[in-house]
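# An overview of the molecular structure
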Amino acid sequence: MNVTARPEWADSYGTDPGDPTRADVVGGPGERLDPAAVDAFVHDVVTRTAVDGKRVCLVVPDATRSCPLPQLLRAVHAGLAGRASSVDVVIALGTHQGMSEEQLARHLGHPVGDPGAVYPGWNVVNHASWDPATFTTLGTIPAERLAELTGGLLTGPDVEVAINRLVAEADVALVVGPVFPHEVVGFSGGNKYFFPGVSGQQVIDVSHWVGALITSAAMIGSRGVTPVRALINEAAAMVPAQRLALCLVVASGTDVLHAAAFGTPEDAWAACAEVSTQTHVTYLDRPFRRVLSIVPEKYEDLWTAAKGFYKLEPVVADGGELILYAPHITQVSVMHPHITEIGYHNRDYFTGQWERFSDQPWGDLAHSTHLRGQGTWDAEHGERNRVTVTLATGIPEEVARAVNLGYLDPAGVDVAEFLADPETFVEPHAGEVLYRLRDAPLPPPA
């Protein structure tokens, strides 16, 4: 049976669910905002923010998210110039690869190695998750509270809340970034740029594993405060800085903005999640036997390119096949080598053999389940998966099969032939738009 995400979670688990009416908002579903109107909006909300003499930390996405970041940052810079005592810009990598000077220049819109030419006075850095000196500890979420936040899915451990010290030491921490349907949290954005964007490892591992226990199919595109969103909100409330967010709804693969919202991360996120629900979710009337997911080059390894599976899994028929077409990808994961050792398996494969896997990084286990999708495991029958996942990438066949995925020579992929097949659905720019079946039954709450 095909399933899609639950439309809304009813409980905020004692955290702030956000209120769109409290945010400053411009635009909405179906709108295409004029860049001049965006500049005026951003300049207005930033100049009304009390930053005089304060240390400001901007937290922004990396290049795996569609976003007109140079335009937005120029407007933010104009609003902060001569007022903030210092401005640090941290690229919210989570555990993604660090961006090179050339990549940062393209991403932020400045000359290579010289952000000061466009953003004088700003300090631009990657979130160096690989360097312990990056972090400071804010406190702990006790096991008892973790159980409440996750609806009993996890009853431990105590979770250390660590964050990039530039955020913790700022007076104002301002997120600038888009909101999209997300396989771990429901909808991305808002406080997610703090956790896991610039977070220590334990919050990343625990939050991702909670999402995996619920499953990507039941989580992705879910409105409201999901258990993972609740955990993120709880951790973010420990940040000593004043937290603000400029959240955005961006037309996938473009720099076009449908909407922008400014306020607390909870309020601005809630406003944009409502718009994203109507913008980034496409409904189909029937499932397809085969789906060709064409992955853009901004996803550099399979770990990030897996978004091309998450967003399309709901419209693959039972027993069908999803092909990830990405000839440019040659590695499973640069930053998470454990995934190659573990392979790709469904949730029950791990929970049914927890004694084998509990010591593995929980975030890596989660990403494994997200790409393998729905299925079951038991000692008698082994692993049975709802759909076949096939790689048509630069990853060698022996590696693809060793990690429990199928293989198709990318050189033999004729996109026109796939488009002509009535039993095949082709997504030309996979990774940001979620596809669902219009009348599919909804899974029960976790």
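About the criteria used
Residues numbered from 1 in each chain as written. Predicted model: local features only at pLDDT ≥ 70, side-chain atom pairs only at ≥ 80, totals over all residues. Heavy atoms only, no water. Helix = DSSP H or I, 4+ residues; strand = E, 2+ residues; numbered from the N terminus. Rg over C-alpha atoms; globule rule 2.2 N^0.38 Å. Buried < 20%, exposed > 50% of the residue type's maximum accessible area, 1.4 Å probe, protein only. Contact = heavy atoms within 4.5 Å. Areas by Shrake-Rupley, 256 points an atom, 1.4 Å probe, with all protein chains shown as cover. Lys, Arg positive; Asp, Glu negative; His and termini not counted. Charge placed at Lys NZ, Arg CZ, Asp CG, Glu CD. Pairing = 2+ DSSP bridges. Axes fitted to C-alpha atoms, helices over the stretch in contact; angles between N-to-C directions. Core = buried A, V, L, I, M, F, W, Y, C linked by side-chain atoms within 4.5 Å.

Moving on, we get to the overall build of the protein chain. Counting its regular elements, the protein chain contains 17 helices and 20 strands. Its C-alpha atoms give the protein chain a radius of gyration of 21 Å, near enough to 22 Å, the size a compact globule of 446 residues would have. C-alpha extents for the protein chain along the principal axes are approximately 65 × 50 × 40 Å. Put simply, the protein chain has 446 residues, and 61% of those count as buried. A sequence separation of at least 24 residues applies to 78% of the contacts in the protein chain between residues at least 6 apart. Accessible area for the protein chain stands at about 16,400 Å²; split by element, carbon and sulfur atoms hold 50% of it. Positive and negative charge centroids in the protein chain, built from 30 and 54 side chains respectively, lie 4 Å apart.

Of all 7 residues that make up strand 7 (residues 172–178), 7 are buried, and the element is covered over most of its length. Relative to strand 7, strand 2 (residues 55–61) runs parallel, the two sharing 4 bridges. Paired with Cys-57 across the two strands is Ala-173, which belongs to strand 7. Summarising the sheet, strand 7 and strand 10 (residues 242–250) pair through 7 bridges and their orientation is parallel. The residue bridging Gly-177 from the neighbouring strand is Cys-247, located in strand 10.

Let us now look at the sheet that holds strand 3 (residues 86–92). On the basis of which strands lie adjacent, the open sheet formed by 7 strands has the order 1-11-10-7-2-3-4 and mixed pairing. Looking at which strands have only one partner, the edges of the open sheet turn out to be strand 1 (24–27) and strand 4 (122–126). Averaged over all neighbouring strand pairs, the angle between strand axes comes to 15°, with direction disregarded. With 5 bridges joining them, strand 3 and strand 4 adopt parallel strand pairing.

Take the nonpolar core next. Val-59, Val-167, Phe-194, Phe-195 and Trp-209 are the most contacted members of the largest nonpolar core, which totals 64 residues. The contacts of Trp-209, once residues within four sequence positions are left out, are Leu-154, Phe-350, Thr-351, Trp-354, Trp-362, Leu-365, Ala-366 and Thr-369. Counting 39 residues, the second largest nonpolar core, distinct from the first, contains Val-76, Val-87, Tyr-119 and Trp-122.

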